[in-house]
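Structural overview for review
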Amino acid sequence: KKILSDAAEKRLRVLASLDSLGGGFTLASHDMDIRGAGNLLGSEQSGHIKEVGFELYQQMLEEALANLKSGDEAVDLGQGNKSPQINIGVSAIIPENYVTDLSVRMGLYRRLADIENSADIENFAAELIDRFGKLPSEVNNLLNIIILKNACRKAHIAKFDAGEKGMLITFYNDHFPQPEKLLLWIQEKKGKAKMRPDHRLALSQKMLTTAEKFKISLKVITQIGKLTEIDEAAI
């Protein structure tokens, strides 16, 4: 018979609306909106949230939930996966209002998938500007992600996640070809990098803007890629 608080009423309305797979995650998201994140973003938190930030962590959960709903199988992160997964929490598409014809957009996506070097990306960008005008931010993001993907291939990286607080790196088959070099590189980072029990490499690094995410991510991936190179002098 007590009068419900506003927060309690909101929670009840959310509960009443949940009738499908993923309701728990939706409820948790609404509950966080109602009562605030509290110490979720604080230094006492651990795991993905602490390492990549709440915004990207929530997006990663939503993507996993979407895969479950659609019945998609888990993505293979072994050597057979030709295209590294890149997730840095930005919109990376060719907008419909930029390239209106669907078949043309699909053709551009297919061409992008085959690009493997920076020169081809620059030529592709120049062609887009010539045909459709100034590049929207989403297209710039898409081109930068292609650059990151190509760098990841050289670095033996199967999955790369980056958020406002840092990066998570998954290597193909949870293995890096030059583990000794990687260990030395981690030590040089003086506590900002660590290899987690699940064999993922975690790096702490503030990246508040999209430009910072791309610049710093490429720098880190390139550094790791150089570790895979064979020292010819030692042969």
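For the structure given in this document, a descriptive report is provided here. Note that the structure is a prediction, hence the values are computed from the model and not measured.

A closer look at the nonpolar core
Counting 27 residues, the largest nonpolar core has F160, I169, W185, L201 and I224 as the members making the most contacts within it. Put simply, the parts of the chain that give this core at least two residues each are α7 (137–154), β2 (157–162), β3 (166–171), α8 (179–188), β5 (201–204) and α9 (210–227). The element best represented in this core is α9, accounting for 6 residues. Once residues lying within four places of it in the same chain are set aside, the contact partners of W185 are A193, L201, L203, V220, Q223, I224 and L227. Counting residues in each nonpolar core, the second largest holds 15 residues, with I94, I121, L135 and V139 among its members.

Regarding the packing of α7 against α9
Two elements in contact, α7 and α9, have axes whose closest approach is 8 Å; the angle formed by their N-to-C orientations is 15°. By the angle class used here, α7 and α9 are roughly parallel. Like other packed secondary-structure pairs, α7 and α9 cross with a definite hand, here left-handed. Packed against α7, whose contacting residues are N141, N144, I145, I147, L148, A151, C152 and K154, the element α9 presents T210, F214, S217, L218, I221 and G225 at the interface. Per-class residue counts for the contact of α7 with α9 are 8 nonpolar, 5 polar and 1 charged.

Calculation rules
- Residues numbered from 1 in each chain as written.
- Predicted model: local features only at pLDDT ≥ 70, side-chain atom pairs only at ≥ 80, totals over all residues.
- Heavy atoms only, no water.
- Core = buried A, V, L, I, M, F, W, Y, C linked by side-chain atoms within 4.5 Å.
- Buried < 20%, exposed > 50% of the residue type's maximum accessible area, 1.4 Å probe, protein only.
- Helix = DSSP H or I, 4+ residues; strand = E, 2+ residues; numbered from the N terminus.
- Contact = heavy atoms within 4.5 Å.
- Axes fitted to C-alpha atoms, helices over the stretch in contact; angles between N-to-C directions.
- Parallel < 35°, antiparallel > 145°, perpendicular 65-115°, else oblique.
- Left-handed = near helix turned anticlockwise from the far one by under 90°.
- Nonpolar A, V, L, I, M, F, W, Y, C, P; charged D, E, K, R; others polar.

Keep in mind that these numbers describe shape and distance, not what the molecule does.
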